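Spelled out from the first residue to the last, the chains are:
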Amino acid sequence: MTDKSADTLLQNFRNKVTRNMVWAGAVTLLGLTGAQLWLNHYLQAAVMFTAAIVFAAIAYTFRAQRIPNYWRLLFMVLLTAICAMSIKQNGVIGIYWAYPLLVSSFFMFRDGYAIALAMTITVAISAAAISFMELDDAWRITASLSVILVLGSVFVVMLGRMQRLLHQLVITDTLTGLQNRHRLTGVLNELLASFKRYNRSASLLMLDLDHFKLLNDKYGHLFGDQMLKQLAKRLKQRLRVNDQLFRVGGEEFLVVLPETDLSEAEKVAQKLLSTVADEPFDGKDVQVHLTVSIGVAQLRAEQSWAEWINSADTALLEAKRKGRNQVCVAEGYTEI
């Protein structure tokens, strides 16, 4: 199991992209500061140098965390103001900086926020162009910026949908449709935090399908896959609204029970045991009776989530050692 959840990895990637863009803005403005000094444009050089220092400070301060939205917005506002100033000073030459500025807005924010920011930048730069340039050139520039705005907006919408789809694929077991190990870490960490802060109990059920290898050997792996899908569906139907079901191995499942102590968790486990054993499972040409073994563990004060899972796994092994098709409770739990 990975130490970081899929959500955390994706957020870290987005944060890195944002920081790199802010660093790039700082370095670019430092280079432009030198160019403005060489042209004897001291006011523009001072503004660009100040902005570069601000950008570098932002990127350095938030080098290990997410840059807050108000700093991102300040970054874009300063760049837009500098671009407008360049248009006023240099005319058509200054407009070239508007295009990378507009594109960068689609990376600084997500979804509707990115589109709204890009629209604002388009309006601001277009207004500067109309104010300080020939009207024919200004309208052409406005039209070209509008095209980039439309294409960029389509890109942002499609990218957002793709990210959500990929994220769903990462955290979902493709066979059963259940959540998988990538999502589990975040869920358990949330329960640990809730336990430490509010003393809210939580329990785990580690569940394993008995004699699954023999089932595969007798009927084939496709048949075994169908049994796993039916098992997942049957288990999910019997769980409560706030309970969460994960597939964590070939025939292993983990049930997370928030706000549940050991005795309540054992009752849930017994219900799931009966749910599996009482009704046969339907294959294409044959019905089979399946059973499961379940280990139950309540979260203890000194445990990490890995130790908590290990407690449930140890109880599961004990259930199998005692003959399978039964529930075993982890030892060593004491009330605090």
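Placed above this text is the structure.
Structural notes, computed from the coordinates. These numbers come from a predicted model, not from an experiment.

1. Section: the pairing of strand β3 (residues 252-258)
Part 1: For β3, a buried count of five out of seven residues is recorded, marking the element as mostly surrounded by other parts of the structure.
Part 2: By the bridge criterion, seven bridges tie strand β1 (residues 202-209) to β3 in an arrangement that is antiparallel. The residue bridging Ala 202 from the neighbouring strand is Pro 258, located in β3.
Part 3: Taken together, the four bridges between strand β2 (residues 244-247) and β3 define a ladder with antiparallel strand orientation. Among the inter-strand pairings, Arg 247 is bridged to a residue of β3, identified as Phe 253.
Part 4: What sits between β2 and β3 in their antiparallel hairpin is a turn of four residues.

2. Some details on the packing of aromatic side chains
Part 1: This structure, assessed with the given rule, holds four aromatic pairs.
Part 2: For the cation-ring pair, Arg 63 lies above Tyr 60, with the distance from its terminal atom to the ring centre recorded as 4.1 Å.
Part 3: Above the face of the Tyr 198 ring, Arg 200 is positioned so that its terminal group lies 4.5 Å from the ring centre.

3. Looking at the sheet that holds strand β7 (residues 327-329)
Part 1: Pairing is mixed across the open sheet formed by five strands, whose spatial order is β2-β3-β1-β6-β7. The sheet is open, and its two edges are formed by β2 and β7, each paired on a single side. Taking the axes of each pair of neighbouring strands and ignoring which way they run, one obtains an average angle of 20° across the sheet.
Part 2: Contacts between helix α10 (residues 221-238) and the sheet are confined to β1, β2, β3 and β6 (292-298), with β2 contributing the most and set at about 165° to the helix.

Quick notes on the rules
- Starting from 1, residues in each chain are numbered consecutively following that chain's sequence as written.
- Restriction of local features to residues with pLDDT of at least 70 applies here, the model being predicted, together with a cutoff of 80 or more for giving and counting side-chain atom pairs; totals for whole chains, interfaces and linings are based on all residues.
- Processing note: side-chain calculations cover all non-hydrogen atoms of the structure and skip hydrogens and water entirely.
- The buried label applies to any residue whose accessible area, calculated with a 1.4 Å probe on protein chains only, is under 20% of its type's maximum; exposed applies above 50%, and partly exposed to all values in between.
- Secondary structure counts use DSSP, requiring at least four H or I residues in a row for a helix and at least two E residues in a row for a strand, with both numbered from the N terminus.
- A pair of strands is considered paired only if DSSP assigns at least 2 bridges between the two.
- Ring pairs shown here join Phe, Tyr and Trp side chains whose ring centres sit within 6.5 Å, with only the six-membered ring taken for Trp; geometry is labelled stacked below 30 degrees between planes, edge-to-face above 60, and tilted in between.
- Remark: a charge is flagged as sitting over a ring if the NZ atom of Lys or the CZ atom of Arg is within 6 Å of the ring centre and within 35 degrees of the ring normal.
- Angles here are taken between N-to-C directions and fall from 0 to 180 degrees, while the axes themselves are lines fitted to C-alpha atoms, restricted in helices to the stretch in contact.
- Two residues form a contact once any of their heavy atoms are found within 4.5 Å.

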